[in-house]
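Take a look at the letters that make up each chain.
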Amino acid sequence: MAISSPEPLTASHDTSGFSCGKVSLDRWLQTRALSNQQKGFTAVMVVHDGGRVIGYYGLAPTSILPLRLPRSIRTGQPPDPVPCLLLGQLATDQRWTRKGIGSGLLKHALERCVTASGLIGGPALVVNAVDDGAAAFWRGWGFLPSKDDPLTLFRSISNIAASLGVSQQ
Ligand SMILES: CC(C)(COP(=O)(O)OP(=O)(O)OC[C@H]1O[C@@H](n2cnc3c(N)ncnc32)[C@H](O)[C@@H]1OP(=O)(O)O)[C@@H](O)C(=O)NCCC(=O)NCCS
């Protein structure tokens, strides 16, 4: 069976066997993702193989103290706190890694962030890396570490839009 395109998580998806190698991300998908999605805290998108989830991401609004932002993003006179977008989760099941699922999901999330920022504002996307390896993954995607925490990284929406070749509304 061909894997699906990214789609919103629903109760019909099977998350029970998902295993990405990071217990916190597995557990969040299996115990929190659906209720967070249904209550509007997080938008959770999944790709699946015949209903079994093999990759997912979670996007939510957030706010950040201006001093935590890299200088290149903290331009002008930002409000305090600064409204931002949070990619709180991104994971691929270990049986499906290195097939482009993670980067496909990430590109999907980045496109949605550019659209969302154009509609309601938010100058940057924030990610929380689960460990140093994940932080290296995010730096490879152009994210800059916070001044006070190497596991919190930022990328400006204008930089994301330019790299995707899309215009910010
Ligand atoms: C990181 C992750 C989402 C990548 O998923 P994927 O489906 O394998 O992604 P892709 O197939 O699109 O390939 C992603 C590229 O990222 C790179 N990559 C994967 N994990 C990496 C890491 N920890 N550090 C640096 N680079 C990494 C790989 O080199 C790969 O490129 P390559 O195959 O050309 O070498 C997946 O490995 C995962 O779920 N890891 C555990 C959870 C995690 O760390 N999430 C991200 C941060 S919170």
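Details of the structure are given in the entry above.
Residues numbered from 1 in each chain as written. Predicted model: local features only at pLDDT ≥ 70, side-chain atom pairs only at ≥ 80, totals over all residues.

K.L.:
So what's going on with the overall build of the chain? Which residues, and what values?
P.N.:
A tally of helices and strands in the chain yields four helices and seven strands. The order of α-helices and β-strands along the chain, N terminus first, is β-α-β-β-β-α-β-α-β-β-α. Relative to the compact-globule value of 15 Å for 169 residues, the chain shows a C-alpha radius of gyration of 16 Å, a close match. Across its three principal directions, the C-alpha atoms of the chain cover 50 × 35 × 30 Å. For the chain, buried positions account for 33% of its 169 residues. (Helix = DSSP H or I, 4+ residues; strand = E, 2+ residues; numbered from the N terminus. Rg over C-alpha atoms; globule rule 2.2 N^0.38 Å. Buried ≥ 20, exposed ≤ 12 C-beta atoms within 10 Å, placed from the backbone.)

K.L.:
Outline the pairing of strand E2 (residues 43-49), listing residues and values.
P.N.:
Note: strand E1 (residues 7-8) against E2, two bridges, orientation antiparallel. Pairing of Pro8 across the sheet is with Met45, part of E2. Hairpin connection from E2 to strand E3 (residues 52-64): two residues lie between these consecutive antiparallel strands, with Gly50 at a positive phi of about 60°. (Pairing = 2+ DSSP bridges.)

K.L.:
An account of the sheet that holds strand E5 (residues 124-128) is requested, with residue identities and associated values reported.
P.N.:
The seven strands are arranged E1-E2-E3-E4-E5-E7-E6 in an open sheet whose pairing can be described as mixed. For this open sheet the edge positions go to E1 and strand E6 (144-145), each flanked by a neighbour on one side alone. Direction of pairing for E5 relative to strand E7 (residues 152-156): antiparallel, over a ladder of five bridges. By the bridge assignment for E7, Val127 is matched with Leu153. Seen against the sheet, helix H1 (residues 23-38) touches E1, E2, E3 and strand E4 (82-92) and runs at an angle of roughly 120° to E2. Against the sheet, helix H2 (residues 101-120) touches E2, E3, E4 and E5, its axis set at about 160° to E4. (Contact = placed C-beta atoms within 7 Å. Axes fitted to C-alpha atoms, helices over the stretch in contact; angles between N-to-C directions.)

K.L.:
Any chance you could break down helix H4 (residues 157-164) for me, citing the residues and the numbers?
P.N.:
Of the residues making up H4, those classed as buried are Ile157, Ile160 and Ala161. Angularly, the buried residues of H4 cover 100° about the axis, an arc narrow enough to put them on a single face. Here the buried face of H4 lies against H2, E5 and E7. Two residues or fewer after H4 comes Gly165, characterised by a positive phi angle close to 70°. (Arc of directions from axis to C-beta.)

K.L.:
Now, about the site of the ligand: what can you tell me, with residues and values included?
P.N.:
Close contacts around the ligand come from 21 residues, with Thr92, Thr97, Gly102, Ser103 and Ala134 the closest. Looking at the shell around the ligand, the elements that each hand over two or more residues are E4, H2 and helix H3 (132-140). For the shell around the ligand, the element with the highest residue contribution is H3, accounting for five residues. Considered class by class, the residues forming the shell around the ligand number ten nonpolar, eight polar and three charged. (Near = placed C-beta within 6 Å. Nonpolar A, V, L, I, M, F, W, Y, C, P; charged D, E, K, R; others polar.)

K.L.:
Requested: an account of H2, with residues and values cited.
P.N.:
The terminal C-alpha atoms of H2 lie 28 Å apart, and with 20 residues this matches the ideal 28 Å at 1.5 Å per residue to within 8%. Taken residue by residue, H2 has Leu105, Ala109, Leu110, Cys113, Val114 and Ser117 as its buried positions. Where H2 is buried, its residues touch E2, E3, E4, E5 and H4. Two residues or fewer after H2 comes Gly121, characterised by a positive phi angle close to 90°. (Expected span 1.5 Å × (residues − 1).)

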